Amino acid sequence: MHNNFSKSDFSDVKKLLNQTSPILTQSKKVEEFEKKWSKWLGVRYSTFVSSGSSANYISISILKVLNKNKYKNEIIVPTLTWISDISSILLNGFKPIFVDINLENLSMDIDQVLKKINKRTLGIFITHAQGFNGLNDKLLKAVNKNKLYLIEDVCESHGATYKNKKLGTFGLMSNFSFYYAHHMTTIEGGMISTNIKEIYELSKIFRSHGMARESKNQSYENKLIKKFKNLSPQFIFLYPTLNFRNNEIGACIGINQLKKLNENNRKRKNNLKYFLNFLDGRKYWKNFDQTGSSNYAFPIILQTNNIKKRNYFEKILTKKKIEFRRGNAGGGNQLRQPYLKKYVKKINLRKFPNVEKVHFFGYYIGNFPDLSKKKIDYLLNVLNKINI
Ligand SMILES: Cc1ncc(COP(=O)(O)O)c(C=O)c1O
């Protein structure tokens, strides 16, 4: 990302700070941002939190509250995602069931998902990777038929759509990240969105120490005050959680950033189209499904499977001062990460050929709204000339 802040973001923050005794902890601006975000996304409720990973963690914590059948403890996840999707599952005592990705949209291989659904499956935690839509009708039907919880991680895909409807409106809950390098930023931040009031209230409780009063639902609170007579009404802690709140400065930036989001997404989308159009398909995989996509990084997958050639590719990019990340979103195949060794034993990596391909030969390079055509041409020129 380059320059995700504009002058108007800062002038709005200055206005906030110039008030006499401004409130900077979570207050009216946060509420305003949540309402505006819900309207933009097309959902009823949203909860602004400290990061996308907090949104992931709270969503899975809520599943734990909703789940009445303790036998169901499996959540199906992709092997290409961010660590917080998996750690949220592990930290809440659920079991991640991994599936390979497909190379058209870098999201879950839906056929593998369908095969993994069984009596113990509680939900599916899909990641819409790198701005691509990962949903299809087969998946949505299976979710309905098997009464599964679908959670959408849209941290990398703000504004992407499936059948003209925004991603993040299909699942029971959806998660967004406003980290600096994403489609829009609040410095650090995240959002949980949902259409269900009970889930919204739970997300506010989980955001703030598990405190009952955070639900802002007076009749619910009154019941709890009656039930726990020996507790101070202001300090009824319902769930073991932490503080995941954001603040007024973040919200102020978010409100302003949201105004530019659609236009910035349009620019990035055009950049991707142009990039893929002129990329040499003999050297790089190009068959990405761009329908409804809202990209923020150019995906690159080398056609070669030769590590020496790959190292040469990286050497040239470094020499030409082109910043890149290998392994695409989240550093490639999660199954190879040390944090999982204790939890996942005896995994046959050969059953995950697509994520393995991305792990060793996949990359992304930043695609931002003010990236000039000249720079994209420079990038294409370097990429297409590399002898791999
Ligand atoms: C798919 C995905 N989920 C979650 C996150 C976590 O977001 P954050 O960095 O705001 O915690 C990221 C981070 O980039 C991500 O790519």
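I will try to describe carefully the structure that is included in this document. Nothing here was measured: the structure is a model prediction, and the numbers come from that model.

Criteria and cut-off values
Residues numbered from 1 in each chain as written. Predicted model: local features only at pLDDT ≥ 70, side-chain atom pairs only at ≥ 80, totals over all residues. Heavy atoms only, no water. Pairing = 2+ DSSP bridges. Helix = DSSP H or I, 4+ residues; strand = E, 2+ residues; numbered from the N terminus. Contact = heavy atoms within 4.5 Å. Axes fitted to C-alpha atoms, helices over the stretch in contact; angles between N-to-C directions. Salt bridge = Lys/Arg side-chain N within 4 Å of Asp/Glu carboxyl O. Buried < 20%, exposed > 50% of the residue type's maximum accessible area, 1.4 Å probe, protein only.

Within the open sheet, the 3 strands sit side by side as β10-β12-β11. Their pairing is antiparallel. Because the sheet does not close on itself, it has two edges, and the strands there are β10 (297-301) and β11 (325-326). Relative to strand β12 (residues 362-366), β10 runs antiparallel, the two sharing 5 bridges. The partner of I300 across the bridge, within β12, is Y363. Lying over the sheet, helix α10 (residues 307-319) contacts β10, β11 and β12, oriented at roughly 10° with respect to β12.

Attention now goes to the sheet that holds strand β9 (residues 190-194). Strands belonging to one sheet form pairs held by backbone hydrogen bonds; the direction of such a pair is parallel or antiparallel. Strands sit in the order β1-β9-β8-β5-β4-β2-β3 across an open sheet of 7 strands; the sheet is mixed. The open sheet terminates on both sides in strands that have one partner only, identified here as β1 (45-49) and β3 (95-99). Sheet twist, expressed as the average angle between the axes of neighbouring strands with direction ignored, equals 20°. As judged from the 5 bridges shared by strand β4 (residues 121-127) and strand β5 (residues 149-153), these two strands associate in the parallel manner. Bridge pairing in β5 links F125 to I151. Contacting β1, β8 (173-177) and β9, helix α7 (residues 197-207) crosses the sheet at an angle of about 10° to β1.

For the structure shown, the criterion picks out 15 salt bridges. K260 is the partner of D9 in a salt bridge, and the nearest nitrogen-oxygen pair spans 3.4 Å. A residue pair is termed long-range when its members are at least 10 positions apart, and D9 in helix α1 (residues 7-18) and K260 in helix α9 (residues 248-278) qualify at 251 residues. Looking at D9, the relative accessible area reads 0%, which means it is buried. Classification of K260 as partly exposed rests on a relative accessible area of 24%. When salt bridges with common partners are traced through the structure, they connect K29, E32 and K36 into a single cluster.

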